[in-house]
Amino acid sequence: MSDDQALTGPGTQTRRTLLTGVGAVGAAVVLAACGSDDGDSGSGGPTSGGPAVPSSGDAGGGDRQGAQSLATTADIPVGGGKVLAAQGVVITQPVAGQFKGFDPICTHQNCPVTNVDGGTINCTCHGSKFSIEDGSVKAGPATKPLPPKDIKVTGDQISLA
């Protein structure tokens, strides 16, 4: 059936009808977001959506330690670790109280590593395994270690250094 053919019956649409509707909604959202250039949105307030950010100091408004925390020390098991792909780091704890950070991208073919298990950081794309202590290759096909990432521990919070 082509896109131009209409199905009959309740609740049926062609792809073209559906895409046209989605496009119209998208255009309405874009147009609704457009406002006047004079900074007046009709409510008497600025259109920026928030307060002015100072040009010096911490733009976040104070102590950002909590906001930058990747994990707590309790989140990282002794003899194991955790892959934090969205934050771009793998954090391990080879021995109690010693935390290490590594790049989460396998050095073989740039697949993301997927888990930490059995004392190794594991890439399930092709089976490479890396040491939780220093990122060295424990099993190939990778031949290069995972690059280290600088992390810092402040109290029970772990963040990028």
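Residues numbered from 1 in each chain as written. Predicted model: local features only at pLDDT ≥ 70, side-chain atom pairs only at ≥ 80, totals over all residues. Heavy atoms only, no water.

Some words on the sheet that holds strand β2 (residues 80-84)
Sheet strands pair via backbone hydrogen bonds, and the direction of the pair is either parallel or antiparallel. Our working definition: Between any two strands, at least two bridges found by DSSP are needed for them to pair. The helix count covers DSSP runs of H or I at least four residues long, the strand count covers runs of E at least two residues long, and both are numbered beginning at the N terminus. The axes used here are C-alpha line fits, helices contributing only the stretch in contact, and every angle between their N-to-C directions lies in the interval 0 to 180 degrees.
Judged by pairing direction, the sheet is antiparallel, and its 3 strands sit side by side in the order β2-β3-β4 without closing on themselves. With one partner strand each, in any of the chains shown, β2 and β4 (98-102) form the two edges of the open sheet. Ignoring strand direction, the axes of neighbouring strands in this sheet form an average angle of 20 degrees. Across 5 bridges, β2 lies against strand β3 (residues 89-95) in antiparallel orientation. Bridge pairing in β3 links leucine 84 to valine 89.

Some points on the pairing of β3
Here is the rule we go by: Only protein chains enter the accessibility calculation, which uses a 1.4 Å probe; a residue whose area is less than 20% of its type maximum is buried, one above 50% is exposed, and one in between is partly exposed.
Most of β3 is tucked away, with 6 of its 7 residues classed as buried. Counted along the chain from β2 to the antiparallel partner β3, the turn is 4 residues long, and its residue glycine 88 has a positive phi close to 75 degrees. Bridge count for β3 against β4 is 4 bridges, and the pairing is antiparallel. Looking at the pairing, valine 95 lines up with glutamine 98 of β4.

Structural notes on the state of the cysteines
The following threshold applies: Sulfur atoms of two cysteines make up a disulfide when they are within 2.5 Å.
Tallied over the entire structure, the rule returns 1 disulfide. A disulfide bridge connects cysteine 111 with cysteine 125, and the sulfur atoms are separated by 2.3 Å. Handedness of the cysteine 111-cysteine 125 disulfide follows from its S-S torsion of about -105 degrees: it is left-handed. Of the two residues, cysteine 111 is situated in the loop between β4 and β5 (115-117) and cysteine 125 in the loop between β6 (120-122) and β7 (129-131); the sequence distance between them amounts to 14 residues. Looking at cysteine 125, the relative accessible area reads 38%, which means it is partly exposed. Considering cysteine sulfurs only, cysteine 123 is the nearest to cysteine 106, which forms no disulfide, with 3.9 Å between them. In this structure cysteine 123 comes out as buried when scored by relative accessible area, which is 3%.

Description of the nonpolar core
We count it as follows: The nonpolar core is taken to be a set of buried Ala, Val, Leu, Ile, Met, Phe, Trp, Tyr and Cys residues, with the residues joined through side-chain atoms within 4.5 Å. Only heavy atoms matter for contacts: two residues are in contact if any of them lie within 4.5 Å across the pair.
Val90, Phe102, Cys106, Cys111, Val113, Val116, Ile121, Cys123, Phe130, Ile132, Ala142 and Leu146 together form the largest nonpolar core, which totals 12 residues. Discounting residues that sit within four places of it in the chain, isoleucine 121 has contacts with Val90, Thr92, Phe102, Val113, Asn115, Val116, Ser128, Lys129, Phe130, Ser131, Ile132 and Leu146. By size, the runner-up hydrophobic cluster in this structure holds 9 residues, among which are Leu70, Ala71, Phe99 and Ile158.

What about the environment of alanine 86?
With respect to the helices and strands, the residue alanine 86 is situated in the loop between β2 and β3. Taking C-alpha positions, alanine 86 is 9.6 Å from proline 104, a pair spaced 18 residues apart along the chain.

Structural notes on the sheet that holds strand β10 (residues 157-160)
In spatial order, the strands read β1-β10-β9; together these 3 strands make up an open sheet with antiparallel pairing. Edge positions in the open sheet fall to β1 (71-72) and β9 (151-154), since each of these has one partner strand only. Here 4 bridges tie β9 to β10, and the two strands are oriented antiparallel to one another. If you follow lysine 152 over to β10, its bridge partner there is serine 159.

Focus: the side chain of asparagine 122
Selection criterion: In protein, a polar contact means a hydrogen-donor-capable atom and an acceptor-capable atom, both N or O and within 3.5 Å, with residues adjacent in sequence counting only if both atoms are side-chain atoms; elsewhere, any N or O pair within 3.5 Å suffices.
Tracing the backbone through its elements, the reader meets asparagine 122 in strand β6. Polar side-chain contacts of asparagine 122 include one of 2.7 Å to the side chain of asparagine 115. Of note is the side chain of asparagine 122, whose polar atom sits 3.3 Å from the side chain of lysine 129. Setting aside its immediate chain neighbours within four residues, asparagine 122 contacts Val113, Thr114, Asn115, Val116, Asp117, Ser128 and Lys129.

Notes on the environment of threonine 92
With respect to the helices, strands and loops of the structure, threonine 92 is situated in strand β3. With 11 residues separating them along the chain, threonine 92 and glycine 81 place their C-alpha atoms 3.9 Å apart. If near-sequence neighbours (up to four positions away) are discounted, threonine 92 is found in contact with Ile76, Gly80, Gly81, Gln98, Phe99, Lys100, Phe102, Ile121 and Ile132. Among the polar contacts made by the side chain of threonine 92, one reaches the main-chain carbonyl oxygen of isoleucine 132 at a distance of 2.7 Å.

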